[in-house]
Every structure is written in C-alpha cells, then in structure tokens.
Amino acid sequence: MTGYPPEPWRVKMVEPIRATTREYREQALRAAGWNPCLLRSEDVYVDLFTDSGTNAMSDRQWSALMRGDEAYAGARSFYVFEEAVRAHYGYEHVIPVHQGRGGENILSRCLIRPGTHIPGNMYFPSTRAHQELNGATFHDVIIDEAHDPSCEHPFKGDVDLGKLRAVIAEFGPESIPYVSIAATVNMAGGQPISVANLAEVGELAHANGIPVFLDTARAIENAWFVQQREPGWANASIAEILLALCAVTDGAVMSSKKDSLVNIGGWIGLRDSELAEKARGLVLLYEGLHTYGGMAGRDMEAIAAGIAESVEEDHVRARIAQVEHLGGRLRDAGVPVILPLGGHCVCVDATATLSHLPRTGFTAQTLAAAVYLQAGVRGVERGAVSAGRDPVTGENRFPPLEFLRLAIPRRVYTRSHIDYVADNVIEVHQRRDDIVRGLAFTYEPRHLRFFQARFAPDGGETIFAR
Ligand code: PM9
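Remember, predicted model here, so these are calculated numbers, not experimental data. Position numbers for residues count from 1 along each chain, tracking the sequence in the order it is written. Thresholds applied to this predicted model are a pLDDT of at least 70 for local features of residues and 80 or more for the giving and counting of side-chain atom pairs; totals over whole chains, interfaces and linings are not thresholded and use all residues. As a convention, hydrogens and water are excluded, and side-chain values are obtained from all of the structure's heavy atoms.

Caption draft 1: Quick look at the state of the cysteines. A pair of cysteine sulfur atoms is labelled a disulfide when the two atoms are within 2.5 Å. Applying the stated criterion across every chain yields a total of zero disulfides. You can see Cys37 has no disulfide; the closest cysteine sulfur is in Cys345, sitting 16 Å from it. Not engaged in a disulfide, the cysteine Cys347 finds its nearest cysteine sulfur in Cys345; these two sulfurs lie 3.6 Å apart. Using a 1.4 Å probe on the protein chains alone, a residue whose accessible area is under 20% of its type maximum counts as buried, one over 50% counts as exposed, and one in between counts as partly exposed. On the basis of relative accessible area, Cys347 is assigned to the buried category, the value being 2%.

Below is the structure:
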C-alpha cells in the first residue's frame, strides 16, 4: 500500500516535538538503563511506545470536559458515561474504574480462587499478572497460527476450540472461573477474533457453566477486521459488529485509553446483578465510589463523547490505514513484520531481524534500543522481558513471538512522521549486523518488569560493533 485516505480531521492545536542528536540520545538511553520506557518523553521524537492514553481528543471531547459534574456521588457525568457504554457495548451494569488494570484487579478478585485455571486467547501482561496474583494459572488456547509471525490467517486471535476443550476436560469446569478473551489480541500484534469463533467459544463455555469475559480495549478495531474479512459482515456497521461481539459474552473489562480516544479511564461491563454488586463493593475499596471509579466527572464525559466518535467508519478506516501504511512500507523493504498487519501497531520480528543474537540477550529490547538511538523513535519490547518469569519455576519465559511493537496513537501523527519512522526502521534493519550484543538486566522488578527494568549491554560498552 502506498498511501491512505486523508484523515477525517484537521489540526486545531499543536504540541511541539524536538529532534535530538545521536550523541544526546546515547546519553539519554544510558541514563534510562537501556530501557526506552524510562526515557523522558521530551527526549523522544516520535513516540510509538503505546496507543494507550496517548490519543488526541477532538474539539467535541474537549468541550465535553467542561460539562463534567464533579459531585462526589451520583454525578450527571456518570449517567452520560453509563448510557454511552450501555448503548454501544450492550452491558446492563457499567462500573467505572480508573483504567483497564483497575478493572482486571476487581474482576480477578471477584471471580478467582487460588488453584483455579483461566484459558484465554494469549496472555496480556497486566491481565495475567492479576490472574496470577489471585492464584490462577493462565492457559493459552489461541490457534497455533497466532504464534507464527508470517502466517497470514485472517483471524489470528481465534481460539482453538480443541485446546479449550482440553483445558476444561483436564481441570474440570468448576476449576475455571471464566474464559478470558481479547479482541484484538495485543500480544499477537493486534490480531482479531472472528464473531463466529467467539460465538463457538461462548457456546462451549456456557454449556459447561463457565462465563466468558471480553477485553474490549480494541474491540472496535476488531470490528473493522470482521467487517473487512468475515463472511456475512461486510454490510454491517462497526457499531453493529461491536454489539455482536459483546453480545456473546457475560461481561467485559475496558481500558478506555485505547479505542475510546481518551487519555485515562475504563469500566467493567456486566450482565449478572449479583456479580455487579460484588464488583461495586470492591470498586469502593480500590478505585473510588461506584459512580466515578477513580475518574473525574470530566473524564467520564470525554469517554462518552469518544465512544460515539470511535465507531464512526471514517475514523476507523483512517486509523487502520495509517497502521497499514507503516507496516506496508516495512514489509515491502524486507523488514520482517508480523502479518497480517494488526489494528493498533506494527510489530518488527526481533528474532528474525537479530537472528545472529541469542534470545537470552533480549533481542526485542535490544532492537527497541537500536531504533531509539537511530532516530529518537520509541517502541516497546513485546517478548521475553514482557513475558516475565514463570511463577512456579522462576525461569524466564521465552514466548514464541519476540518483537518490537510500534504502536500508533490515534489522530496524533501525520503521514510524514510515519514515513520518518519507516525510513529509519528500514535503515536499522539494513544495518542489523552492526548490532553485535544483546542486553542483560542490571535491575529486574518483580511485576510487569518491562516498565521499570534497567539493562546494560551484555559483555561490552554498547550493543554495536565499534
Ligand atoms: N495496554 C499497551 O501499551 C498499556 C500498558 S502496556 C505497555 O498495549 C489490554 C489488551 C491492553 C492493556 C494495556 C490493558 C491494561 C488491558 N488489556 O493500561 O491499565 O492492551 O488501561 O489497560 C497497554 P490499562
């Protein structure tokens, strides 16, 4: 693909960003322990660390902020927010939380008992961390194709029903508090699940008395892929497909920082009144009152306005096209990227790019450092560092996928920024043999270690041959 449709918005306010020298970036990255996450954002030129909370809000969202009702209890803004979530996602009970992991904490505490088992379509670090903290073991039941970076299966987020059946048979339905489904699947590179597959998961789980919970952080992007790829859905709107995806499930956890075009916020959506009461009780302890859940009234207004914009076809089309543009340029230049291209990010296969380095040198972390040094572009490691250690054996987990994720914030960067990223990632790839060393931990936090870990080049001053 050589271009994409003009963005369905124009710029009304700008935020200056600053290019730096290579020497400056070397000092900054060393000071950050070779972990781009620990850089100051002002030392980053194009920030593709995440699409979470980094979106640009519209004039409608900014003006909605002014309508925020900041009453402690029963704020009008809560009811506006509740109605928007109910209308677009279809869950009866809407419980606000400060962001996705707040919802994961509450749901895990409500449902998980020690020694239980949770099947899901690939792990996400914060989701699995809360499941494990509450004593469950996560079982990956995604289709094998999801673990193969070059396989072009249209729905790499699908569940392998045989694997799900095997987990139910091995541990028994009473040991499975819920099935944990993501749409799209972040750690597979933003890959979608089909409506048909999700319906089959629902049927199987419900036949065994097991509820299904959906991670809706990027369900709208998932709906786009359903509309484009799944037979029977081409004439349905994104809004209709979103409702169809949620309809199969018993509840959802949402990080509004993704699809909903805001900088903070989230919710839990439930159908069961008893579970909702329990969750509201825990929200009081961990998040805030059940009518604000850690958000300001204005945040809930911005989410309500963002939800309405997020299902507009023009918006989703332009958003996905920008991701496709970056991915297409890298793919055409021979950079190994996860295919098909996903919804929110382009993922550079670090194992293939740095095939001359051992995985124990954390190749995706090393590639993230090289891309930052090259051009001030910040991505994030999604591989062994993110996967953490096995809670039982204490050994590093080395997942099949090891990649540098370049996540694109919504409505933030122009095509020239994206081309700048493409030019520089291509150059790093062309000069990949200059990278001769991986990274080793100098500080390793216990939980979600990728955020705060510090590293040093393994056996030398730098990762480059010089
Ligand atoms: N995802 C992301 O960049 C932000 C933190 S990890 C660098 O991809 C899913 C599918 C997510 C997610 C966050 C959360 C947690 C849950 N599910 O960040 O707590 O992608 O709002 O959401 C990030 P919060």
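Caption draft 2: Examining the site of the ligand more closely. Residue proximity to a molecule or strand is established when one non-hydrogen atom of the residue lies within 4 Å of it. Around the ligand, the surrounding shell holds 18 residues, and the nearest of these are Thr50, Arg101, Asp215, Ser255 and Arg405. In protein, a polar contact means a hydrogen-donor-capable atom and an acceptor-capable atom, both N or O and within 3.5 Å, with residues adjacent in sequence counting only if both atoms are side-chain atoms; elsewhere, any N or O pair within 3.5 Å suffices. Gln99 places a side-chain nitrogen or oxygen 2.8 Å from an oxygen atom of the ligand. Between the ligand and Asn186, the relevant distance is 2.8 Å, taken from an oxygen atom to a side-chain nitrogen or oxygen of the residue. Burial of the ligand by the protein amounts to 96% of the accessible area it has alone, namely 530 Å². A run of DSSP states H or I qualifies as a helix once it reaches four residues; a run of E qualifies as a strand once it reaches two. Both are numbered from the N-terminal end. Broken down by secondary-structure element, the contributors of at least two residues to the shell around the ligand are helix H4 (100-111) and helix H17 (449-452). Residue contributions to the shell around the ligand peak at three residues, all from H4. When grouped by side-chain class, the residues that make up the shell around the ligand number three nonpolar, seven polar and eight charged. In short, Shrake-Rupley with a 1.4 Å probe defines the accessible areas, and a residue's cover is counted only from the protein chains shown. Basically, the charged four are Asp, Glu, Lys and Arg, the nonpolar ten are Ala, Val, Leu, Ile, Met, Phe, Trp, Tyr, Cys and Pro, and anything else, Gly included, counts as polar.

Caption draft 3: Seen up close, the side chain of Ser58. Mapped onto the elements of the fold, Ser58 is located in the loop between strand S1 (46-47) and helix H2 (59-65). Judged by its relative accessible area of 11%, Ser58 is buried. Beyond its immediate sequence surroundings of up to four residues, Ser58 is in contact with Glu309 and Arg411. Contacts were defined at the residue level, with two residues in contact if any of their heavy atoms lie within 4.5 Å.

Caption draft 4: Highlighting the packing of helix H3 (residues 76-89) against helix H11 (residues 297-310). Running from amino to carboxyl end, H3 crosses H11 at an angle of 30°, the nearest separation of the two axes being 8 Å. By the angle class used here, H3 and H11 are roughly parallel. For H3 against H11, the interelement crossing comes out left-handed. Packed against H3, whose contacting residues are Ser77, Phe78, Val80, Phe81, Ala84, Val85, His88 and Tyr89, the element H11 presents Gly297, Met300, Glu301, Ile303, Ala304 and Ile307 at the interface. What counts as an axis is a line fitted to C-alpha atoms, over the stretch in contact for a helix, and the angles between N-to-C directions run from 0 to 180 degrees. Geometric relationships in this document are graded by angle, where less than 35 degrees denotes roughly parallel, more than 145 denotes roughly antiparallel, 65 to 115 denotes roughly perpendicular, and other angles denote oblique. Left-handed describes a crossing in which the near helix is turned anticlockwise from the far one by less than a right angle; the clockwise case is right-handed.

Caption draft 5: A look at H4. By this rule, a helix spans an expected 1.5 Å times one less than how many residues it contains. An ideal rise of 1.5 Å per residue puts 16 Å on twelve residues; H4 measures up with 17 Å between its terminal C-alpha atoms. Taken across its twelve residues, H4 has nine buried, putting it largely inside the fold. Within H4, the full set of buried residues consists of Gly100, Gly102, Gly103, Glu104, Asn105, Ile106, Leu107, Ser108 and Cys110. Elements in contact with the buried residues of H4: strand S2 (93-97), helix H5 (125-133), strand S6 (212-215), strand S7 (251-255), strand S8 (266-270) and helix H10 (273-286).

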